[in-house]
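Next come the chains, spelled out residue by residue.
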Amino acid sequence: MSLEQQQQVIQYVPFTSFVHPSFWHSLTDIKLNVDKLNESTKQIYGRFTYRDDIGTVFEVDGTSFNKVPETEQMYYNVTGTIMNKNTIEDFKNIDKAALLNSIGEIIWPNIKRKTWISNPNSLLSFIILSFADLKKFYYYYWFAFPCPSQPTVYLIDKSQPISTVFSNKQLEELSVGFKSLDIEQKCFFAITKEGESIYVKPMSKILDPNKPTQNAIDIDVVFAFIDPSNGPNPGWPLRLFIAALLDHCPSLSGTDVTIIGIRSSGSGTLNNSNVYTIAIPQNLQKVDSSGWVGWERNDKGNFGPKLANMSASMDPIKLADSSSDLNIKLMKWRLVPDIDVEVMKHTKCLLLGAGTLGCQVARDLLAWGFRHITFIDNGKVSYSNPTRQVLFNHRDCLDGGRKKAEAAAQNLKLILPTVNSKAIVAHIPMPGHPVGESLLEETVTNLKLIIEAIAEHDVIFLLLDTREARWLPTLVAAHHGKIVINAALGFDSYLVMRHGVGLRCMESAVSVNSTYIPGGLLGCYFCNDVTAPGNSLKDRTLDQQCTVTRPGVAAIAGALAVEVLVALLQHPLRVEAPALYNFNGDEDIASELQGVLGPIPHSIRGFLHSYTSVTPTCAKFKQCIACSDVVINKYREKGTEFLLKVFNSGKYLEEVTGLSELQLAAEMTDILTFSDEDQDQE
Amino acid sequence: MDIDTITPEDFLASAKHFIEISDKIHDGWRIYEHKNEIHKSYIKKEAFITFKSQNELCLYKIEYVIFYNLSYGVPSFSFNVWNSPGTLLKLEEIRQMCFIQITKEEFYSVITQQEHPIFHRPYFIMHPCHTAQLLKEFKNKSRNIVVTFLGLISPLLRLNLSLEYGL
Ligand SMILES: [Zn+2]
């Protein structure tokens, strides 16, 4: 090594693979529709650019599988192969070195047969080894850009700008000549100098493919290649070029060779091209025996495969989930910045009743972003149901009908696969409906199921078709301090209300002049009826035999029930969120009485006949048969024994609460206890 | 004209003219013309961009697509950004990259991720009602609706529009 010039082993800048998302879409499509279980090796196209502002990026996209590659300015297409393996084991276990050598055994004969001189693009190739996990939309892949590991040559000094060897006029001639070259000749070519002019020539004009080797090239010539690198070192293609060149011209050993790396600016000029002066050692190692290299390093810098996790944009289930999520986020971003979108995702809702109301409520919960929904119902889907009960279809009615709770839970998944929906098939025991010896065991089992379900969920929706069926869940939910949303239907009227919680009656009496009642002190469905003012529409709503409702009533009540819940969840006090009391509608509502979505009423009573609704507020009733302290304490004390006593005789509740028999009797047949079942069910 | 919308034919003609200029200045836009359904024609440009994430300079590719929005009768702007394995960046990641110089609230009210009407894959799409508003003001002065449209939105994006387009 001489003193005045520095020589270093040449460092080729390897390619970095860059995959367009459409590549995975095409690969998936081919795997599913063409290859299926066949493990085929396919010819594909990839491309790199010799633009000076991008770097050594090697790209594939959806068009890589086309018969004819798409052309793009300043890009060069390379033919390669993809080996898509059927299993991750095959992907891992394939001998990577042997695979590269086998590609080398195809390329090297091209060099030996001199076909590369007329088809220089045959020197370039690439491999993609892949495995597609189409359940998860994970794509494991590994690119290789095969090159012989030998010969080793040296770069003299640093590379120089092309202006050090060519004048402006010559650069112009280079640019024109390069443009007029056939596209496949552009990767490796020659530049000759005649006088002051330079000429661009394909390799076949300089090298003679009919000679096994060539010694003297008697004209003034430099070689050139399109250079993907934008740094001081040459790009990967030069490595193949040098191997081929030295095989054909062994006499270059011991000399210095000048090679131009063509680099184009965005506007197409070649002024940023680079000049490499390369020292070829005397004794070159043979290519044939040296083996092939070129596997790409992964992000950690190791030789290893990469992973494309495409699930977020390709998995239809994830897409559905994130798209429906986005709708709720948009509400936050655009309209209600303080809304908490996470609380809906995590709140567990228990729906007692999977009929008209249950179906409606479940759909609205989904729309609001709730993802945990459990149905309790004992009924089966009948032929009259699907037109009103929006989660069911005709098929659910066949063969005696599916269990409503199960059909509802499964059909909800058909709407949104990521929903966590469950079904509990259980009959809800009722006061005054005696449990015979034969049914005792089943009743106790059901009780356990229902009580556990209430304890495990955050919100209990009472969407049942009889008044009595609401008693047990009202008591148990009050005992656990759960949010209860109750909805009941009349022919053209509805009631939607929230309940207070247990053991709060005595804490503080509600003053008649108060402007609000704390949420925990609000009355339940049973307190309310006793204390409610006389009902002017009694005749219309009292008719319990007529179980048909105007179809819109369930949709309205179901929607309101969910909206009340969401408003409550968005209130910092949640179940304790106050309800306005003695509100005359004139004054402004104090901000502490409102949540993010506004003030939350205790109850909404609506009348379709007049298209009106009112929002009465009532405090807990001290002698309530469902939520009073005395009843809850009795339940805490005696548990199932107490419940069974109540089921066997409604009179027992009367004893416990001190209500007169008359009142109780009236209550049990009171208003708004409409079935949302259809006539054939009762 | 006194209406605020343009026809698919207007859009295509403007797009073709735009591509002529792009070709001349090597700006990289390409046109994908749909012969049978003109409104499915679109223009597209891909470019590499680099961003520093966790102190490392990362290479991403961005794709800009301008297509015709059939229901609003205006050009629509959509884009995607992905990393080297082809994984798309999420909305929040894009916002954090300060790819768009806009406040958080405005960003979310302008850009949403949805299924692309032409590609049927997720893209970030600029809400067309904003476009309609913007174009309304410029419609009558515009020589090329695509140029006007890109001129209006390019300040929001890392999309440097050459003066050669005759802004
Ligand atoms: Zn009560």
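Refer to the structure presented above.
Keep in mind that this is a model prediction, so the values were computed, not measured.

S.K.: Let's hear about the overall build of chain A: which residues, and what values?
M.R.: Counting its regular elements, chain A contains 21 helices and 28 strands. Expected size for 682 residues packed as a compact globule is a radius of gyration near 26 Å; at 40 Å, chain A overshoots this value by more than 25%. Expressed along its principal axes, the backbone C-alpha trace of chain A runs to roughly 125 × 60 × 45 Å. The buried share of chain A, reckoned over its 682 residues, is 54%. Accessible area for chain A stands at about 29700 Å²; split by element, carbon and sulfur atoms hold 51% of it.

S.K.: With reference to specific residues and values, describe the overall build of chain B.
M.R.: Looking only at helices and strands, chain B features 5 helices and 6 strands. Along chain B, helices and strands appear, N-terminal first, in the series α-β-β-β-β-α-α-β-β-α-α. For chain B, with 167 residues in total, the buried portion stands at 51%.

S.K.: Any details on the coordination of the zinc ion? Residues and values, ideally.
M.R.: Residues and elements named next belong to chain A. Bound to the zinc ion are the protein donor atoms Cys-524 (SG), Cys-527 (SG), Cys-624 (SG) and Cys-627 (SG), situated 2.0 to 2.3 Å from the metal. Relative to the metal, the 4 donor atoms surrounding the zinc ion lie at angles of 98 to 120°, and the coordination shape comes out tetrahedral. Sequence spacing of the donors to the zinc ion: C-x2-C-x96-C-x2-C. Of this pair, Cys-527 sits in helix α15 (residues 525–531) while Cys-624 is found in the loop between β28 (612–614) and α18 (629–638), placing the two residues 97 residues apart along the sequence.

S.K.: Which residues make up the state of the cysteines, and what are the values?
M.R.: Residues and elements named next belong to chain A. Enumeration according to the criterion identifies 0 disulfides over all chains in this entry. Left without a disulfide partner, Cys-249 is nearest to the cysteine sulfur of Cys-187, which lies 17 Å away. Relative accessible area serves as the criterion here: at 0%, Cys-249 is assigned to the buried category. With no disulfide of its own, Cys-618 lies closest to Cys-527 among cysteine sulfurs, the gap being 8.9 Å. Among the residues examined, Cys-618 registers a relative accessible area of 14% and is labelled buried.

S.K.: Report on the packing of aromatic side chains, specifying residues and quantitative values.
M.R.: Residues and elements named next belong to chain A. On inspection of all chains with the given rule, the structure shows 37 aromatic pairs over all chains. Consider the rings of Trp-142 and Trp-295, whose centres lie 4.8 Å apart with planes at 45°: the pair is tilted. Pair noted here: Trp-142 is in strand β7 (residues 138–148) and Trp-295 is in strand β15 (residues 292–295), with a separation of 153 residues, a long-range link. Taking relative accessible area as the criterion, Trp-295 reaches 11% and is therefore assigned buried. Three or more aromatic residues link up through ring pairs in this structure, and these residues are Phe-15, Phe-23, Trp-24, Phe-48, Phe-58, Phe-65, Tyr-76, Phe-126, Tyr-139, Tyr-141, Phe-143 and Phe-145. Sitting over the face of the ring of Tyr-75, Arg-47 holds its NZ or CZ atom 4.8 Å from the ring centroid. Across from the ring centre of Phe-178, 5.2 Å away, lies the NZ or CZ of Lys-186, which sits over that ring.

S.K.: Tell me about the nonpolar core, and name the residues and values.
M.R.: Judged by nonpolar contacts, the single largest core of 93 residues is most densely connected at A:Trp24, A:Trp116, A:Leu174, A:Ile262 and A:Ile278. Excluding residues that lie within four positions of it along the chain, A:Trp24 makes contacts with A:Val19, A:Tyr139, A:Tyr141, A:Ala308, A:Met310, A:Met314, B:Pro85 and B:Gly86. Judged by nonpolar contacts, the second largest core, of 56 residues, contains A:Trp368, A:Cys397, A:Ala409 and A:Ile600.

S.K.: Break down the sheet that holds strand β2 (residues 42–53) of chain B for me, with residues and values.
M.R.: Residue and element names in this part refer to chain B. Spatially, 6 strands are ordered β1-β2-β3-β4-β6-β5 in an open sheet, and the strand pairing comes out antiparallel. Strands with a single pairing partner mark the edges of an open sheet, and in this sheet they are β1 (30–32) and β5 (111–115). Across the sheet, the axes of successive neighbouring strands diverge by a mean angle of 35°, strand direction being ignored. Across 5 bridges, the pairing between β5 and strand β6 (residues 122–126) is antiparallel. When the sheet's bridge partners are listed, Gln-113 is paired in β6 with Phe-124.

S.K.: How would you sum up the interface of chain B and chain A? Please name residues and give values.
M.R.: Listed as interface residues are 23 residues of chain B and, on the opposing side, 32 residues of chain A. Between chain B and chain A, the buried area comes to about 2300 Å², and carbon and sulfur atoms account for 58% of it. Applying the counting criterion to the chain B and chain A interface returns 2 salt bridges. Between A:Glu59 and B:Lys61 there is a salt bridge, with the nearest N and O atoms lying 2.3 Å from each other. Inspection of the region where chain B meets chain A yields 10 residue pairs in polar contact (both at pLDDT 80 or more). Mapped by element, the contributors of at least two residues to the side of chain B that touches chain A are β2, β3 (56–69), α3 (104–110) and β5 of chain B. Considering each element in turn, the side of chain B that touches chain A owes the most residues, 4 residues, to β3(B).

S.K.: Outline the pairing of strand β6 (residues 126–133) of chain A, listing residues and values.
M.R.: Residues and elements named next belong to chain A. Across the 8 residues of β6, 8 count as buried, placing the element largely inside the fold. Burial along β6 is two-sided: Phe-126, Ile-128, Ser-130 and Ala-132 facing one way and Ile-127, Leu-129, Phe-131 and Asp-133 facing the other are all buried. As judged from the 6 bridges shared by strand β5 (residues 75–85) and β6, these two strands associate in the parallel manner. Across the sheet, Asn-84 pairs through a bridge with Ser-130, a residue of β6. Note: β6 against β7, 7 bridges, orientation antiparallel. Within the sheet, the bridge partner assigned to Ile-127 lies in β7 and is Ala-144.

S.K.: Explain the packing of α18(A) against helix α19 (residues 640–648) of chain A to me, and be specific about the residues and the numbers.
M.R.: All names here are of chain A. Where α18 meets α19, the closest approach of the two axes is 6 Å, and the angle between their N-to-C directions is 125°. With respect to α19, the axis of α18 lies oblique. Contact residues: α18 offers Val-631, Lys-634, Tyr-635 and Lys-638, while α19 offers Thr-640, Glu-641, Phe-642 and Leu-643.

S.K.: So, the pairing of strand β13 (residues 256–262) of chain A: which residues are in play, and what are the values?
M.R.: Residue and element names in this part refer to chain A. Summarising burial for β13: 5 of the 7 residues are buried, a large majority. In this structure, strand β12 (residues 221–226) lies alongside β13, joined through 4 bridges in parallel fashion. By the bridge assignment for β13, Ala-224 is matched with Ile-260. A crossover connection joins β12 to the parallel β13 through helix α6 (residues 237–248); in handedness this β-α-β unit is right-handed. Direction of pairing for β13 relative to strand β14 (residues 274–279): antiparallel, over a ladder of 6 bridges. Considered in β14, the bridge of Thr-258 is made with Thr-277.

S.K.: Which residues make up the pattern of salt bridges, and what are the values?
M.R.: Scanning the entire structure with this criterion turns up 25 salt bridges over all chains. Across the pair A:Lys85 and A:Glu39 runs a salt bridge, and its minimum N-O distance is 3.6 Å. Of this pair, A:Lys85 sits in strand β5 while A:Glu39 sits in the loop between α1 (21–35) and β3 (41–49), and the two are 46 residues apart along the sequence. Taking the shortest distance from any N to any O, the salt bridge between A:Lys448 and A:Glu452 comes out at 3.3 Å. Placement of both A:Lys448 and A:Glu452 in helix α13 (residues 437–456) is noted, with a separation of 4 residues, approximately one turn of the helix. With relative accessibility at 55%, the residue A:Lys448 sits in the exposed group. One network of salt bridges, with partners in common, ties together A:Glu59, B:Lys44, B:Glu46, B:Lys61 and B:Glu63.

S.K.: An account of helix α14 (residues 471–480) of chain A is requested, with residue identities and associated values reported.
M.R.: Residue and element names in this part refer to chain A. Counting buried positions along α14 yields 8 of 10 residues, so the element is predominantly enclosed. Within the sequence span of α14, burial applies to Trp-471, Leu-472, Pro-473, Thr-474, Leu-475, Val-476, Ala-477 and Ala-478. Among the residues trailing α14, Gly-481 stands out with phi positive, at a value near 70°.

So, how was this worked out
Residues numbered from 1 in each chain as written. Chains lettered and ligands numbered in written order. Predicted model: local features only at pLDDT ≥ 70, side-chain atom pairs only at ≥ 80, totals over all residues. Heavy atoms only, no water. Helix = DSSP H or I, 4+ residues; strand = E, 2+ residues; numbered from the N terminus. Rg over C-alpha atoms; globule rule 2.2 N^0.38 Å. Buried < 20%, exposed > 50% of the residue type's maximum accessible area, 1.4 Å probe, protein only. Areas by Shrake-Rupley, 256 points an atom, 1.4 Å probe, with all protein chains shown as cover. Donors = N, O, S within 2.8 Å, 3.2 Å for Na, K, Ca; no water. Tetrahedral: all angles 85-135°; square planar, octahedral: opposite > 155°, others 65-115°. Disulfide = S-S within 2.5 Å. Phe/Tyr/Trp six-rings, centres within 6.5 Å; stacked < 30°, edge-to-face > 60°. Lys NZ or Arg CZ within 6 Å of the ring centre and 35° of its normal. Core = buried A, V, L, I, M, F, W, Y, C linked by side-chain atoms within 4.5 Å. Contact = heavy atoms within 4.5 Å. Pairing = 2+ DSSP bridges. Axes fitted to C-alpha atoms, helices over the stretch in contact; angles between N-to-C directions. Buried area = accessible area lost by both parts, 1.4 Å probe. Salt bridge = Lys/Arg side-chain N within 4 Å of Asp/Glu carboxyl O. Polar contact = N/O pair within 3.5 Å; in protein donor to acceptor, adjacent residues only side chain to side chain. Parallel < 35°, antiparallel > 145°, perpendicular 65-115°, else oblique. Right-handed = clockwise from strand over helix to strand, strands pointing away.

That's the geometry; what it means functionally is another story.
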